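Okay, here's what each chain looks like letter by letter:
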There are 2 protein chains.
Amino acid sequence: MKTKGETRASDVHTRMRDDILSCELKPGEKLRFEGLKDRYDVSFSTLREALARLSAESLVVSEGQRGFVVAPVSVADLEDLTNARVLLEREVLRLSMEYGDDKWEADILASYHRMDRLQSRLGAHYYFDEEWARLHGAFHRSLVCACKSPVLLDMRLHLFDRANRYRRMSSQFRTKWRPKDVEHKSIMDAVLDREPDALKLIERHIRETTENVIEFAGHLFLQDEAAASVA
Amino acid sequence: MKTKGETRASDVHTRMRDDILSCELKPGEKLRFEGLKDRYDVSFSTLREALARLSAESLVVSEGQRGFVVAPVSVADLEDLTNARVLLEREVLRLSMEYGDDKWEADILASYHRMDRLQSRLGAHYYFDEEWARLHGAFHRSLVCACKSPVLLDMRLHLFDRANRYRRMSSQFRTKWRPKDVEHKSIMDAVLDREPDALKLIERHIRETTENVIEFAGHLFLQDEAAASVA
DNA sequence: CGCGCTTGTTTTTTCGAAATTTTTTTAGTT
DNA sequence: AACTAAAAAAATTTCGAAAAAACAAGCGCG
């Protein structure tokens, strides 16, 4: 069941990436080779390659010849990330709405449907579900994937993932979530109708999520505000 | 003369990066380990780590277990890059003009002066000079570095470098350049005066450079248009 | 003649031991 | 006790040989 052209290093990179984004490897945690070798069952050099990749993605930071550390978190970083996301997301959405064709619209409806179905099946707890997070990501990607700009899409995905780490962190420390199912629906409708307001809706969606995360989990990563600014 | 905390891998990464940006390693070129081992005088694993970093920066692309290739170039990629740059550059400039203080203004004047002095010393050929390119980059950075957004600055620099590769490519294939010295001066003045028009000026500056590159060197990389879109 | 298979060659990828560097511990001096 | 310096321990970084995979050439067969 191994995808063609997949190398051990790229596999470790993916797994490690997942572990960081899902906070199984905690922000600020020191990454010691001996431990990682056990955990992922590969050699030094292979690990090192994976870490180099992650470091270029700013999910881990490399400290000279003093090893690697999981990228720290801070309110300032989350806010910075949020502003950058708003800028990019608005632009790729705007372009998508301009260029999008029938297939694009169909894909949006399809991925919304998948997300929505799982959401009703899971009830109030959907917010903590891994699979839902995947479908949620796919839905948002489908909205903007017609923008014809690989460069912007790449950066957008990058920021999306980093922000997702914060969302998941916060989800570990709360038990309920007031469902805003309608929000996604209204965003989709506005996008499909090419309403200019769609840009405002997506911006509000992003900012509200951030505010929510800070409200619930902000105190958890207030301490290392300073550390994150070196990234 | 080795900077503290610099590892062999990061050194190779930097050198290789320079070689790619300066087109000493040509776009699309296959990167064979045996050859690189000679060129940079390091071992397999160390090379591999540098390549992994570069690949995450999309300066090289990795082809499954078929090795690495210098990222190809294309008109489409350059145009995509240019649009993304305009978006980011306008934003960081806007923010810088809002937050910038006295020190920021002083730094701008200083780096403009350095660039301008070298420019007059070099005459019409300044455009081909490595050192001028560095000072030019520093000047543009100084304009925007007060924006208080590490995330945006990071992405901006990334795009700036990638676009610079195109500029340098084109400079290899022309002998003269109509100097537009006044342009930088007028941008600087507008920025320091907090004129909203500065955003338009910077946008035009970026787009004109791109048009110029395409006009002079576009035909050189028209062939691999398709290849670049996989990046 | 084209197509698939086997074999030999080249290139990439992985491994773990050895070298280097940082961190911790210990001992000595003021 | 506080502060340095030296030695030991621990961790990271590098290396090149060995394993694995891709590629190329030759061979047999329908």
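What comes next concerns the included structure. The model shown is predicted, which means the values in this text are computed figures rather than measured ones.

1. A short note on the sheet that holds strand 2 (residues 60-62) of chain B
Residue and element names in this part refer to chain B.
No. 1: Pairing within the open sheet is antiparallel, and its three strands lie in the order 1-3-2. For this open sheet the edge positions go to strand 1 (30-31) and strand 2, each flanked by a neighbour on one side alone.
No. 2: Here strand 1 pairs with strand 3 (residues 68-70) via two bridges, running antiparallel. By the bridge assignment for strand 3, Lys30 is matched with Val69.

2. As for helix 9 (residues 197-217) of chain A
No. 1: Under the 1.5 Å per step criterion, the end-to-end length of helix 9 of chain A is 30 Å for 21 residues, consistent within 8% with the ideal 30 Å.
No. 2: Every buried residue belonging to helix 9 of chain A is among A:Ala198, A:Leu199, A:Ile202, A:Glu203, A:His205, A:Ile206, A:Thr210, A:Asn212, A:Val213 and A:Ala217, and all of these are buried.

3. Regarding the protein's contact with DNA strand D
No. 1: Near DNA strand D you find 22 residues, and of these A:Arg48, B:Thr7, B:Arg8, B:Ser45 and B:Arg66 are the closest.
No. 2: A:Ser45 has a polar side-chain atom sitting 3.5 Å from a base nitrogen of DNA strand D.
No. 3: The side chain of A:Arg48 places a nitrogen or oxygen atom 2.2 Å from a phosphate oxygen of DNA strand D.
No. 4: Every element with two or more residues in the surface near DNA strand D is listed here: strand 1 (30-31) and helix 3 (44-56) of chain A together with helix 1 (8-21) and helix 3 (44-56) of chain B.

4. Notes on the protein's contact with DNA strand C
No. 1: Contacts to DNA strand C come from 21 residues, most closely from A:Thr7, A:Arg8, A:Ser45, A:Arg66 and B:Arg48.
No. 2: Taking A:Thr7, its side chain carries an N or O atom lying 2.7 Å from a phosphate oxygen of DNA strand C.
No. 3: At a separation of 2.4 Å, a phosphate oxygen of DNA strand C approaches a polar backbone atom of A:Arg8.
No. 4: When residues of the surface near DNA strand C are traced back to their parent elements, those giving at least two are helix 1 (8-21) and helix 3 of chain A together with strand 1 and helix 3 of chain B.

5. Digging into the packing of aromatic side chains
No. 1: For the structure on display, the rule yields eight aromatic pairs over all chains.
No. 2: Aromatic pair A:Phe33 and A:Phe44: ring centres 6.4 Å apart, planes at 50 degrees, arrangement tilted. Taken together, the residues A:Phe33 in helix 2 (residues 33-40) and A:Phe44 in helix 3 connect sequence positions 11 residues apart.
No. 3: Relative accessible area serves as the criterion here: at 46%, A:Phe44 is assigned to the partly exposed category.
No. 4: Summarising the aromatic geometry, the rings of B:Phe33 and B:Phe68 are spaced 6.3 Å apart at their centres and angled 65 degrees between planes, so their arrangement reads as edge-to-face. With B:Phe33 in helix 2 (residues 33-40) and B:Phe68 in strand 3, this pair connects stretches of sequence that are 35 residues apart.
No. 5: With a relative accessible area of 3%, B:Phe68 lands in the buried category.
No. 6: Counting every residue linked through ring pairs, the aromatic cluster contains A:Phe33, A:Phe44 and A:Phe68.
No. 7: In this structure, A:Lys148 packs its charged tip against the face of A:Tyr99, placed 4.5 Å from the ring centre.

What counts, and where the lines are drawn
- Residues numbered from 1 in each chain as written.
- Chains lettered and ligands numbered in written order.
- Predicted model: local features only at pLDDT ≥ 70, side-chain atom pairs only at ≥ 80, totals over all residues.
- Heavy atoms only, no water.
- Pairing = 2+ DSSP bridges.
- Helix = DSSP H or I, 4+ residues; strand = E, 2+ residues; numbered from the N terminus.
- Expected span 1.5 Å × (residues − 1).
- Buried < 20%, exposed > 50% of the residue type's maximum accessible area, 1.4 Å probe, protein only.
- Near = heavy atom within 4 Å.
- Polar contact = N/O pair within 3.5 Å; in protein donor to acceptor, adjacent residues only side chain to side chain.
- Phe/Tyr/Trp six-rings, centres within 6.5 Å; stacked < 30°, edge-to-face > 60°.
- Lys NZ or Arg CZ within 6 Å of the ring centre and 35° of its normal.

Taken by themselves, the reported measurements are silent on function.
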